[in-house]
Amino acid sequence: MDWKHLEMSPKIRAGVRRGESRALQLLRGECRRLESGLRLSVGCPVLDELLRGGLPVGGVTELSGESGAGKTQLALQLCLSVLYPPQYGGLNSGAVYICTEDSFPIRRLQQLIREQSELRSDVPSSLISGLRFSDHVYIEHAADLDSLQVCLSRRVPLLLARGLVQLLVVDSVAALFRCEFQAADWLERTKQLLSFSSTLHHLSLEFTTPVLCINQVTDVFDSSGDSLGPLSSNVSPALGLAWANQVMVRLMMRRLHMTVARGDQCSVLRRLEVMFAPHLARDGRNVAVWREGVQGVSDTQMDT
Amino acid sequence: MAGLSEGMCPGLDEVLLRSLRAADVKTVEDLVSSDIEELARKCSVSYKALFAIRRVLLAQHTAFPVSGADLYEELLSSTAIISTGNPSLDKVLDSGLYTGEITELSGGPGSGKSQVCFGVAVHISYQLKQSVIFIDTTGGLTARRLLQMLQTETSNTEEQMEALQRIHIFRLFDVYSLLDCLHSLRSGRLQQASVGGGSVKAVIVDSVSAVIAPLLGGKQNEGMSLMIQVAGTLKTMAKDFNVAALVTNHVTRSGSGEVQPGLGVSWSHIPRTRVLLEQVEKALVSQSTLRSATLIKSSRQPCHIKEVFDLQWWSRSKEGSSGKRKLDETDS
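Numbering of residues begins from 1 in every chain and follows the order in which that chain's sequence is written. For this description, chains carry letters from A and ligands carry numbers from 1, given in the order in which they are written. In keeping with the model being predicted, local features are shown solely for residues with a pLDDT of at least 70 and side-chain atom pairs are shown and tallied solely at 80 or more, while totals for entire chains, interfaces and linings include all residues. To get the side-chain values, take all heavy atoms of the structure and skip hydrogens and water.

Time to look at the environment of B:Asp240. All names here are of chain B. By the criteria applied, helices consist of DSSP H or I runs no shorter than four residues and strands consist of E runs no shorter than two, each listed in order from the N terminus. Positionally, aspartate 240 belongs in helix H12 (residues 222-241). Type-normalised accessible area, obtained with a 1.4 Å probe on protein chains alone, sets the label of each residue: buried when under 20%, exposed when over 50%, and partly exposed for intermediate values. Of the residues examined, aspartate 240 reaches a relative accessible area of 54% and is grouped as exposed. C-alpha separation for the pair aspartate 240 and tyrosine 98, spaced 142 residues apart in sequence, amounts to 14 Å.

Strands in a sheet are paired, the pairing made by backbone hydrogen bonds, and the direction either parallel or antiparallel. All names here are of chain A. Here the rule is simple: two strands pair whenever DSSP picks up at least two bridges between them. Spatial strand order, E6-E5-E7-E8-E4-E11-E12-E13-E14: 9 strands in an open sheet with mixed pairing. On the outer flanks of this sheet lie strand E6 (137-141) and strand E14 (293-297), each paired with one strand and no other. Ignoring which end each strand starts from, the neighbouring axes of this sheet average 25 degrees apart. Pairing geometry for strand E5 (residues 94-99) and strand E7 (residues 165-171), over 5 bridges, is parallel. For tyrosine 97, the partnering residue across the bridge sits in E7 and is valine 169. What makes two residues a contact is simply this: any of their non-hydrogen atoms within 4.5 Å. Axes here refer to lines fitted to C-alpha atoms; in helices the fit is confined to the stretch in contact. Angles between the N-to-C directions go from 0 to 180 degrees. With respect to the sheet, helix H8 (residues 145-161) is in contact with E5, E6 and E7, its orientation differing from that of E5 by roughly 175 degrees.

Per-residue pLDDT for chain B averages 84, and the proportion of residues at 70 or more is 92%. The pLDDT value tells you how sure the predictor is about a given residue, anywhere from 0 up to 100. Considering each helix and strand of chain B separately, the mean pLDDT is smallest for helix H2 (residues 28-33) of chain B, with a value of 83, and largest for strand E7 (residues 244-249) of chain B, with 95.

Residue and element names in this part refer to chain A. For the pair H8 and helix H10 (residues 186-206), the least separation of the axes is 11 Å and the interaxial angle reads 10 degrees. Between H8 and H10, the angle is such that the two are roughly parallel. Here Leu145, Leu148, Gln149, Leu152, Val156, Pro157 and Leu160 of H8 lie close against H10, whose contacting residues are Gln192, Ser195, Phe196, Thr199, Leu200 and Leu203. Across the contact of H8 with H10, the residue classes tally to 9 nonpolar, 4 polar and no charged. Should an angle lie under 35 degrees it is considered roughly parallel, over 145 roughly antiparallel, and from 65 to 115 roughly perpendicular; all remaining angles are considered oblique. Residues are grouped as follows: Ala, Val, Leu, Ile, Met, Phe, Trp, Tyr, Cys and Pro are nonpolar; Asp, Glu, Lys and Arg are charged; all remaining types, including Gly, are polar.

Another point: the environment of A:Val247. Residues and elements named next belong to chain A. With respect to the helices and strands, the residue valine 247 is situated in the loop between helix H11 (240-244) and strand E11 (249-262). As a C-alpha pair, valine 247 and cysteine 213 span 34 residues in sequence and 9.2 Å in three-dimensional space. Apart from residues no more than four positions distant in its own chain, valine 247 is found in contact with Val60, Glu62 and Phe276.

In the sections that follow, a salt bridge refers to a side-chain nitrogen of Lys or Arg positioned within 4 Å of a carboxyl oxygen of Asp or Glu. Scanning all chains against the criterion turns up 17 salt bridges over all chains. With its nearest N and O atoms 3.6 Å apart, the salt bridge here joins A:Arg120 to A:Asp122. Of the residues examined, A:Arg120 reaches a relative accessible area of 2% and is grouped as buried. Take A:Asp122: its relative accessible area is 48%, and that puts it in the partly exposed class. Across the salt bridge formed by B:Arg171 and B:Asp136, the nearest N and O atoms sit 3.1 Å from each other. Of the two residues, B:Arg171 is situated in strand E5 (residues 167-171) and B:Asp136 in strand E4 (residues 131-136); the sequence distance between them amounts to 35 residues.

Rendered as structure tokens:
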């Protein structure tokens, strides 16, 4: 039965005008306003399969992991993949990258730009050479919470409103909140964290933009009493329950004790896992970081 | 108290009103509690006419006493119990969601609250063939996930699409639009949603804490009053239209480190039944879909009963479950 032939009754049309919709319309993509099916591709088919298309538009995605796990690499790759047209998984626009810890890895970004045709073999090379990647990545350094708040409330909405960017990356969320507050100031820290996350939500929903927040991890000592968060290792994302409640999709990246080789390159194997998401099953894929970017490693390619 | 006005009852005309006001009788209460003989003399009206007016006003304005037995009978005949589709969860909820009440699901991130809401919506719209109103405040609802759950129930595309048609979705992200939406549902949109798709049996709000929690605490008290307004509107809607309200809440840590549902003590009085969802401790293996549901507040069952259920239950094909209306047989 071809369900495209179900007719649109006038009640439904009136309902859509009023902001209501039925699940059927969302599925058929008829509600342009809600855009629930749009995804930002990561640039690798294995990882896109894990995320069922990519990062969801309209919610906060968190990527956490230990230092050196490859979070910044994935974020840089996303900044480039957002520039592609929608049929190749992008959003036809640029990205804003807010650095709070180290300075932005500009050399690595240049290297990734040079190797884009290696990574994205599905895109015709004429299209890739026609895209000016470095023109569309906006970099901001925020050294403290106040400048971060100013950036998010003034500069980023301007870029979003003009359609110049369609991705917001904050690297990293934990750095500023962990170092600026003492242990006794937890109330103030929670308030600032909530106001920060509500700004992010507001931006994400008003401009239908994916937001990626990179987070650090903290050691967990008593794993038996904590049945709240899924624990597959002895670290858990930082900033606690207050932040975890604001996040829609949580991804975790960790280093494994294996390497994988391809051609003349060798990489330590990582694992990207979905901790929780409303539309994804809990699953993971092995991932390697090459010169051209982050790519998922299917089981057949691995050598132990 | 209602003031006396012309036309309230036959015999209460302009002339009589003016003379009553001159005698300092302005409201209905004044009239029925004053001495009729004296009033008749003062206003130069016949005693019989004033007595008749008083009787009519009494009949119109007094409260009508109802016996407890009548109330119980009415409750029995109007309350329906809606199964959630998962028998272990139904056991915790005393066989399902009760119409006319608010049921709350709380749990940490990733504990399965949204998945349970999706499962309940799919169950009601497919198995029971009734409409569901789903208010999404987190942005986590995707139609594709609902379709995935439906595809395990039936492979008939037409039935899947009909079931999707019966789920009405509202996407709101702040408390004022939530209040607007609830008010408009009460004042007529609920009936409109019922036409042509089975009556609305459940209103699911996922999650109510996402819009209210940012307003609580801090120096302004507006958040508290908005929370109570949302609660009042939801409750009256559940009662008036005989729908089951299901809301989700986040969790916080109490002073002693224990996990407790969010939104504080004031909210804890509002739902009739509260369930806490957690990961099952021994299943620390990743990709486990088992969750434990603990009853933390109920007026019908002893608290702290715990059941383990599988989140994948709604995604498994199964035979038809009993979703028919049941009379409540317990007398607790």
